[in-house]
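Structure at a glance
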Amino acid sequence: MENYTINIQHTTQPAIVKFEANKFLTKHENFEFKNIDEATKSPIAQQLFYLPFVKTVYISQNFIAIEKYDIVAWPEVENEVAEQIQNYLNKGGVVIKTDEQQKNIPVTVYAESTPNPKVMKFVANRKLVLHAAEFKNIDDAAESPLAQKLFHFPFVKEVFIDENYVSINKYDVASWDEITMELREFIRNFIQEGNSVLNNDAITGTTGEENESKTSKSAPKPQINIDELDDTSQQVVAILEEYIKPAVASDGGNILFDSYNEKSRTVKVILQGACSGCPSSTMTLKSGIETMLRDMLKGKVDYVEAVNG
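These notes cover the structure that comes with them. (Residues numbered from 1 in each chain as written. Predicted model: local features only at pLDDT ≥ 70, side-chain atom pairs only at ≥ 80, totals over all residues. Heavy atoms only, no water.)

With antiparallel pairing, the five strands of this open sheet are ordered in space as 1-2-5-4-3. Taken across any chain shown, the strands that pair with only one partner, and hence form the sheet edges, are strand 1 (6-10) and strand 3 (31-33). Averaged over neighbouring strand pairs, the angle between their axes works out to 20 degrees when direction is ignored. (Pairing = 2+ DSSP bridges. Helix = DSSP H or I, 4+ residues; strand = E, 2+ residues; numbered from the N terminus. Axes fitted to C-alpha atoms, helices over the stretch in contact; angles between N-to-C directions.)

Next comes the structure, spelled out in C-alpha cells:
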C-alpha cells in the first residue's frame, strides 16, 4: 500500500498553512475545529491541539489546514508538523471517527456538453479523485467502483474521471436526451451514499491489506518524474500544465505528455476523456498546441503528435 506523503502548501493568509496529502482523508466532507473539545470526532485534530501554537484545524478531503497563533512563525515549525501528520497517517491513525460521519452527504451533479458529441461531462460539487483515471471497459475498471457500476449501463462505452467530474463516452444506441438525467442521478446518488470513486484514493482510518491497491489496467498512468526529463521536455510539460490542461479539463478531457524527439522536433501527447476519439478535438488541439509550442520553444518544436489514450 502506498504510504501517505504530506506536501506543505502556503496560502494567501500568513497564519494558515495547508498540509496536503496524496490520498483522500475524508469521504467528501469538510470539518472545522476551534479547540480540542470540538475535535472529539477527530483524533488527529485533537493531537494537533496539543501543539501550543495551533488555533484552528480545518480538515478537507485531501488536506489538513492549520491556523496558528502568532507565538511562532511557520518556517520554524511547518516541517515538524508535516512530519507529525505524515507519521500519524502512516501508522493507521484515524482522521474522522467513522461512526460520527454522515451516511448521506449533500451532493449536486450537473451535466455539461463537450466538443465531442459522444461525450457528456457530469460535474459534482465535491472533489472525486486526486488524479485522473481513464477506463475503456469494465475490466479496466477493477479499481473504480463508480466506473464499474457505470459500465452496467449498456450505452456506456468509456469513462474518464478527474478532479470533480466524470466524462462518459456513449454508444450510438441511445441519445443524450434519453439518458442524461438517469446518469446524472445515478452518479449523484453514488457519491451521496459515501461510496468510493477510486480505490487508489484510500480513506484513512483502516489498517492492513483492505486498502492495498492491486496492480491492474485501471491504475492511473504513472506521473512523470520531471527531474528525469531533458530541459526541452520539462519546458513542454510546464507549458501543457499551465496553458493547455485547464482548457482541456473544462471540456471534460485531459492531456498528458508522452515524449519528445529532439531529432524530429516532435512532441507526442496523449488525449483522454472527451478529447479521446474526437477527430475535431484532436485536430484542433494538435493545431493549437503545435502553434503554441512552436512560438514558445522556437527551434525546438515543430510538430505535435496527438494520440488517444
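Here S167 shows up in strand 10 (residues 165-170). If we skip the residues at most four places from it in the chain, S167 touches V119, M120, K121, E158, V159, F160 and G252. (Contact = heavy atoms within 4.5 Å.)

Residue E163 is not a glycine yet carries a positive backbone phi of 45 degrees. Residue classification places E163 among the partly exposed positions, given a relative accessible area of 36%. Phi at R265 takes a positive value of approximately 55 degrees, unusual for a residue other than glycine. You can see R265 is positioned in the loop between strand 11 (253-261) and strand 12 (266-273). (Buried < 20%, exposed > 50% of the residue type's maximum accessible area, 1.4 Å probe, protein only.)

Under the defined criterion, the tally for this structure stands at two cavities of 30 Å³ or more. Counted as a void, the second largest cavity has a volume near 40 Å³. Forming the walls of the second largest cavity are V119, E134, E158, F160, S167, N169, G273 and A274. Counting residues per element, the ones that place at least two in the lining of the second largest cavity are strand 9 (156-162) and strand 10. For the lining of the second largest cavity, a count of residues per class yields three nonpolar, three polar and two charged. (1 Å grid on protein atoms, 1.4 Å probe; cavity = no way out; pocket = protein on both sides within 12 Å on 5 of 7 lines; lining within 4 Å. Points joined across faces, edges and corners; volume = space filled by probe spheres on them. Nonpolar A, V, L, I, M, F, W, Y, C, P; charged D, E, K, R; others polar.)

Moving on: helix 2 (residues 74-90). For an α-helix the count is 3.6 residues per turn, leaving residues at separations of three or four pointing the same way. With 17 residues, helix 2 should cover 24 Å at 1.5 Å per step; its first-to-last C-alpha distance of 23 Å lies within 8% of that length. Along helix 2, the positions that sit buried rather than exposed are W74, V77, E78, V81, A82, I85, Y88 and L89. Considered in projection along helix 2, the buried side chains sweep an arc of 150 degrees and stay on one side of the axis. Of the exposed residues in helix 2, the ones pointing more than 90 degrees away from its buried face are E76 and E80. Tucked inside the fold, the buried residues of helix 2 contact strand 1, strand 2 (16-21), helix 1 (43-48) and strand 5 (63-68). G92, located one to two residues past helix 2, shows a positive phi value of around 85 degrees. (Expected span 1.5 Å × (residues − 1). Arc of directions from axis to C-beta.)

So, about the sheet that holds strand 7 (residues 119-124). Across the sheet, which stays open at both edges, the five strands sit in the order 6-7-10-9-8 with antiparallel pairing between neighbours. Unpaired on one side and paired on the other, strand 6 (109-113) and strand 8 (133-135) mark the two borders of the sheet. Across the sheet, the mean angle separating the axes of adjacent strands is 20 degrees when strand polarity is ignored. Pairing of strand 6 with strand 7, which is carried by five bridges, proceeds in the antiparallel orientation. Opposite A111, over in strand 7, you have F122 as the bridge partner. Most of the contacts of helix 4 (residues 176-192) go to strand 7, to which it runs at about 30 degrees, and overall it touches strand 6, strand 7, strand 9 and strand 10.

Looking at the element boundaries, F135 is found in strand 8. Expressed as a C-alpha distance, the spacing of F135 and K157, which sit 22 residues apart in the sequence, is 9.1 Å.

This model, assessed by the stated rule, comprises 13 salt bridges. The salt bridge partner of K127 is E163, with a shortest N-O separation of 3.0 Å. Remark: E163 occurs in the loop between strand 9 and strand 10 and K127 occurs in the loop between strand 7 and strand 8; sequence separation between them is 36 residues. Of the charged contacts, one joins R294 and E290 as a salt bridge, the two residues approaching to 3.7 Å between their closest N and O atoms. With R294 and E290 both in helix 6 (residues 279-296) and four residues apart, the pair spans about one turn of that helix. On the basis of relative accessible area, E290 is assigned to the buried category, the value being 11%. (Salt bridge = Lys/Arg side-chain N within 4 Å of Asp/Glu carboxyl O.)

With that out of the way, let us pick up the environment of T114. Relative to the helices and strands, T114 is located in the loop between strand 6 and strand 7. Considering only alpha carbons, one finds T114 and D251, 137 residues apart in sequence, at a separation of 5.2 Å. Ignoring any residue separated from it by four or fewer positions in sequence, one finds T114 in contact with V119, M120, K121, D251 and A274. Side-chain polar atoms of T114 contact the backbone oxygen of N116, separated by 3.0 Å. Within polar-contact distance, the side chain of T114 engages the backbone oxygen of V119 at 2.9 Å. (Polar contact = N/O pair within 3.5 Å; in protein donor to acceptor, adjacent residues only side chain to side chain.)

Read these as geometric descriptors, not functional statements.
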